[in-house]
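These are the residues of each chain, in order.
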Amino acid sequence: MIYKDGGAMRQKERKNFVLRWATYIALIFLSYLFQITPRVLEIFSIKPLWLLSIAVCISVYESEITASVVGVICGLFMDISSGRIIGFNAAVLMVLCCGVSLLATYVMRINFISNMIVTVGACFLHQMTDYIFSFLIWIEKGSHKLLYTQYLPTLVYTAIITAFFYMLVKRIRRKFSN
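Heads up: these notes are all about the structure in this document. (Residues numbered from 1 in each chain as written. Predicted model: local features only at pLDDT ≥ 70, side-chain atom pairs only at ≥ 80, totals over all residues. Heavy atoms only, no water.)

This brings us to helix 4 (residues 88-106). Residues separated by three or four positions in an α-helix point in the same direction, a consequence of the helix having 3.6 residues per turn. If you check helix 4, its first and last C-alpha atoms are 27 Å apart, about what 19 residues at 1.5 Å a residue would give, namely 27 Å. Three or more residues of helix 4 are buried, namely Asn89, Ala90, Val92, Leu93, Leu96, Cys97, Val100, Ser101 and Ala104. For helix 4, the arc enclosing every buried residue in end-on projection is 160 degrees, short of the 170-degree limit, so these residues lie on one face. Opposite the buried face of helix 4, by more than 90 degrees, sit the exposed residues Val95 and Tyr106. On the buried face of helix 4, the contacting elements are helix 2 (50-61), helix 3 (64-82) and helix 5 (112-134). (Helix = DSSP H or I, 4+ residues; strand = E, 2+ residues; numbered from the N terminus. Expected span 1.5 Å × (residues − 1). Buried < 20%, exposed > 50% of the residue type's maximum accessible area, 1.4 Å probe, protein only. Arc of directions from axis to C-beta. Contact = heavy atoms within 4.5 Å.)

Put into structure tokens, the structure is as follows:
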């Protein structure tokens, strides 16, 4: 649609921007609620990383700075929900989301398969960083069992919910594009 007045176009762009981010924020908050609520979509006491999945899916479509901010926000929510040191997940997700955004901008074509690969890779890096700094660095006996009983099933479960989030974020992006 062609506007004679550039202000009307900017107003529509601003409205779409606000609606898109209001929807993203609602999704992030809903993901946080799913992550902290016990026994919600839990299989054999394994829960997916809801916030990591939504952060990566949003980061595929946003700039590096925006992706980093989304990563920090989702990471802080993960820190709060996990009861660990505040800032660890925020720092890891900030770097991962920025990297995902850079990959999506300069290297890869954005589609379902590439998003799944990037999310599984980001989840793997997050899980291994968490494992190294939580267990391996302290040389905990039997900690390798956690890889097979907790970390890898969480990775698979997160990949499954990412399919849903990818379709949802793609639809939101398409609906509220400028």
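A few words on the layout of surface pockets. The computed volume of the largest pocket comes to approximately 590 Å³. When contributions to the lining of the largest pocket are tallied by element, the ones reaching two or more residues are helix 1 (6-36), helix 3, helix 5 and helix 6 (144-175). Partitioned by chemical class, the residues of the lining of the largest pocket number nine nonpolar, 10 polar and four charged. (1 Å grid on protein atoms, 1.4 Å probe; cavity = no way out; pocket = protein on both sides within 12 Å on 5 of 7 lines; lining within 4 Å. Points joined across faces, edges and corners; volume = space filled by probe spheres on them. Nonpolar A, V, L, I, M, F, W, Y, C, P; charged D, E, K, R; others polar.)

Turning our attention to the side chain of glutamate 62. Within the element layout of this structure, glutamate 62 appears in the loop between helix 2 and helix 3. If near-sequence neighbours (up to four positions away) are discounted, glutamate 62 is found in contact with Arg20, Trp21, Tyr24, Ala67, Ser101 and Arg173.

As a further point, take the pattern of salt bridges. Per the counting criterion, the structure on display carries three salt bridges. With a shortest N-O distance of 2.2 Å, arginine 84 and aspartate 130 are connected by a salt bridge. In this pair, arginine 84 sits in the loop between helix 3 and helix 4 while aspartate 130 sits in helix 5, placing the two residues 46 residues apart along the sequence. Relative accessible area serves as the criterion here: at 40%, arginine 84 is assigned to the partly exposed category. A relative accessible area of 8% places aspartate 130 in the buried class. Each of Arg20, Glu62 and Arg173 takes part in one network of salt bridges that share partners. (Salt bridge = Lys/Arg side-chain N within 4 Å of Asp/Glu carboxyl O.)

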